[in-house]
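# Observations on chain architecture
Okay, here's what each chain looks like letter by letter:
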Amino acid sequence: MTAVNAYAAPKAKSPLAPFAFERREVGENDVQIDILYCGVCHSDLHQVRDEWGKSIFPMVPGHEIVGRVTSVGNKVKKFKAGDLAGVGCFVDSCRVCSNCMAGLEQYCDNGMSGTYNSYERDGKTPTYGGYSTNIVVDVNYVLTIADKLPLAGVAPLLCAGITTYSPLRYTRVGKGHKVAVLGLGGLGHMAVKFAASFGAEVTMLSSSKSKEVDAKKLGAHHFILTSDEGKMKGVRNHFDFILNTVSAPHNYTAYVNLLRTNGTMIVVGAPSDPLAVPAVNLIAKRRSIMGSLIGGIAETQEMLDYCAQHAIVSDVEVIDMPYINTAYERMLKNDVKYRFVIDLASLKK
Ligand code: NAP
Ligand code: ZN
Ligand code: ZN
């Protein structure tokens, strides 16, 4: 067993505080990782505040993990001590259902084991995430990280990156497509980078006027302030795809109306309220709404390799662990440029 320093939420809505626990012994198929950086996802905040109604406490959040391998089990060939490694949103799955067999472990029919706020395959050992000094994960769920890019900017790729890459690939977004990204936060800024990199014409739809200059720097060709009624009218029936990353309740219909015939809204933002859109707004132009959850292990590796090749990283604000409660408050005010990333050296002092 390895003693671990972490930050945990002791119960719903209470601030995160120091927490100590032990990681399991390194099994024959396990990789132990000294965590260097962990991104702060809005899903961490939703779950710490039990907004999805299925939180397990105490909770050590964090599923955007990069670090260095410290030891491996005797059957592990893919990693050795000293290698860089990454862990995303899940650490195991059933491995036998049709989704797992197809590399869609995130949709495991028997339920994936989330990196935190979840249980190992035994159904009773709680999982603890990356707001901690180290983690032990089965090698099949560990990603290879290239040493080409700044590591703090790589960490958010493990969730914000794959969550936006996967549906853009699934829908084959590329040249000739008009794509809107709704909400410029952690997911939104990666969506802009990927959609632009894939050759689409990208419009940023944001509620924050102050983000216009950044949106263009990130690769957006156009920027529309969503409170600007005139500009919003001008893009009715306009987009092939809208990637919706908004974390709070909002009027979905206002954005569905911006889709052209056969257009699709890809929903990745996960506020707990129901998504209510009148049927006629879909029917009238054969529009659709689809959801998408992170991505499988193989696709996550593909995304990481794509980013290494194209020098794509997240724009980050690196913080020390004790700043996390302030970071959450700032996230709720849309004041993140564009991902907080925890430097775990701050927990090792
Ligand atoms: P984030 O960094 O906080 O960004 C969310 C953005 O949404 C904000 O920056 C803001 O952008 C916009 N927004 C927030 N409140 C709004 C409101 N009331 N009305 C309109 N726009 C608003 O969050 P994130 O980490 O990117 O996560 C976004 C959502 O995706 C969360 O719900 C998260 O749980 C979910 N998520 C889903 C998956 C998945 O697999 N599907 C994976 C990860 C995260 P502007 O300032 O530009 O308006
Ligand atoms: Zn996430
Ligand atoms: Zn499965």
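Presented here is an overview of the structure given in this document. (Residues numbered from 1 in each chain as written. Chains lettered and ligands numbered in written order. Predicted model: local features only at pLDDT ≥ 70, side-chain atom pairs only at ≥ 80, totals over all residues. Heavy atoms only, no water.)

### Here we look at the overall build of the protein
- Helix and strand counts for the protein come out as 12 helices and 17 strands.
- Taken over the C-alpha trace, the protein has a radius of gyration of 20 Å; the compact-globule value for 349 residues is 20 Å, and the two agree within 12%.
- Structurally, the protein occupies a C-alpha span of about 60 × 40 × 35 Å along its principal axes.
- The proportion of buried residues among the 349 residues of the protein is 56%.
- Contacts in the protein between residues far apart in sequence, at least 24 positions, make up 67% of those at least 6 positions apart.
- Here the protein has roughly 14700 Å² of accessible surface; of this, 52% comes from carbon and sulfur atoms.
- In the protein, 37 side chains carry a positive charge and 33 a negative one; their mean positions are 7 Å apart. (Helix = DSSP H or I, 4+ residues; strand = E, 2+ residues; numbered from the N terminus. Rg over C-alpha atoms; globule rule 2.2 N^0.38 Å. Buried < 20%, exposed > 50% of the residue type's maximum accessible area, 1.4 Å probe, protein only. Contact = heavy atoms within 4.5 Å. Areas by Shrake-Rupley, 256 points an atom, 1.4 Å probe, with all protein chains shown as cover. Lys, Arg positive; Asp, Glu negative; His and termini not counted. Charge placed at Lys NZ, Arg CZ, Asp CG, Glu CD.)

### A few points about the pattern of salt bridges
- The final tally for this structure, using the stated rule, is 17 salt bridges.
- Between Asp-228 and Lys-231 there is a salt bridge, and its shortest N-O distance comes to 4.0 Å.
- Residue classification places Asp-228 among the partly exposed residues on the basis of a relative accessible area of 29%.
- Taken together, the shared-partner salt bridges in this structure form one network comprising Arg-24, Asp-30 and Glu-120. (Salt bridge = Lys/Arg side-chain N within 4 Å of Asp/Glu carboxyl O.)

### Section: the packing of helix α4 (residues 160-170) against helix α10 (residues 297-310)
- Where α4 meets α10, the closest approach of the two axes is 10 Å, and the angle between their N-to-C directions is 100°. For the element pair α4 / α10, the angle class is roughly perpendicular. Contact residues: α4 offers Gly-161, Ile-162, Tyr-165, Ser-166 and Arg-169, while α10 offers Glu-299, Thr-300, Glu-302, Met-303 and Tyr-306. (Axes fitted to C-alpha atoms, helices over the stretch in contact; angles between N-to-C directions. Parallel < 35°, antiparallel > 145°, perpendicular 65-115°, else oblique.)

### A few points about the pairing of strand β10 (residues 178-182)
- Burial analysis of β10 places four of its five residues in the buried class, which makes it a mostly covered element.
- Where β10 meets strand β11 (residues 201-206), five bridges bridge the pair, whose relative direction is parallel. Its bridge partner lying in β11, Val-181 is registered against Met-204.
- Taking the sense of rotation as the criterion, the β-α-β connection linking β10, helix α5 (residues 186-197) and β11 turns out right-handed.
- Across four bridges, β10 lies against strand β13 (residues 239-244) in parallel orientation. The residue of β13 that forms the bridge with Ala-180 is Ile-242. (Pairing = 2+ DSSP bridges. Right-handed = clockwise from strand over helix to strand, strands pointing away.)

### Structural notes on α10
- The terminal C-alpha atoms of α10, which comprises 14 residues, lie 20 Å apart, in line with the 20 Å expected from a rise of 1.5 Å per residue.
- Those residues of α10 that fall on the buried side of the exposure criterion are Ile-297, Thr-300, Gln-301, Met-303, Leu-304, Tyr-306, Cys-307 and Ala-308.
- Buried residues along α10 sit against β6 (90-92), β9 (143-144), α3 (151-154), α4 and α5.
- Positive backbone phi, at 55°, marks Ala-311, one or two positions downstream of α10. (Expected span 1.5 Å × (residues − 1).)

### Comments concerning the side chain of His-42
- Inspection of the secondary structure puts His-42 in helix α1 (residues 42-48).
- The contact partners of His-42, leaving out residues within four places of it in the chain, are Ser-247, Met-331, Leu-332 and Arg-339.

### Some details on unusual backbone geometry
- With an omega of -5°, the peptide bond running from Phe-57 to Pro-58 counts as cis.
- As for its placement among the helices and strands, Pro-58 is situated in the loop between α1 and β4 (65-72).
- Between Lys-337 and the following residue, Tyr-338, the backbone shows a cis peptide bond with an omega angle of -20°.
- Along the chain, Tyr-338 falls in the loop between α11 (324-332) and β17 (339-343).
- Of note in the backbone geometry, Lys-13 takes a positive phi value of approximately 70° without being a glycine.
- Along the chain, Lys-13 turns up in the loop between β1 (2-8) and β2 (17-23).
- Judged by relative accessible area, Lys-13 falls into the exposed class, the value being 63%.
- Look at Arg-172: it is not a glycine, yet its phi comes out positive at around 55°.

### Describing the site of ligand 1
- Taken together, 29 residues lie near ligand 1, and Ser-206, Ser-207, Ser-208, Lys-211 and Arg-339 sit nearest.
- The protein chains hide 90% of the 920 Å² of surface that ligand 1 would expose on its own.
- Among the secondary structure elements, those contributing two or more residues to the shell around ligand 1 are α1 and α5.
- For the shell around ligand 1, the leading source of residues is α1, giving three residues.
- For the shell around ligand 1, a count of residues per class yields 12 nonpolar, 15 polar and two charged.
- In terms of domain composition, the shell around ligand 1 takes at least three residues from each of domain 1 (2-159 + 295-348) and domain 2 (161-291). (Near = heavy atom within 4 Å. Nonpolar A, V, L, I, M, F, W, Y, C, P; charged D, E, K, R; others polar. Domains from an automatic or database assignment.)

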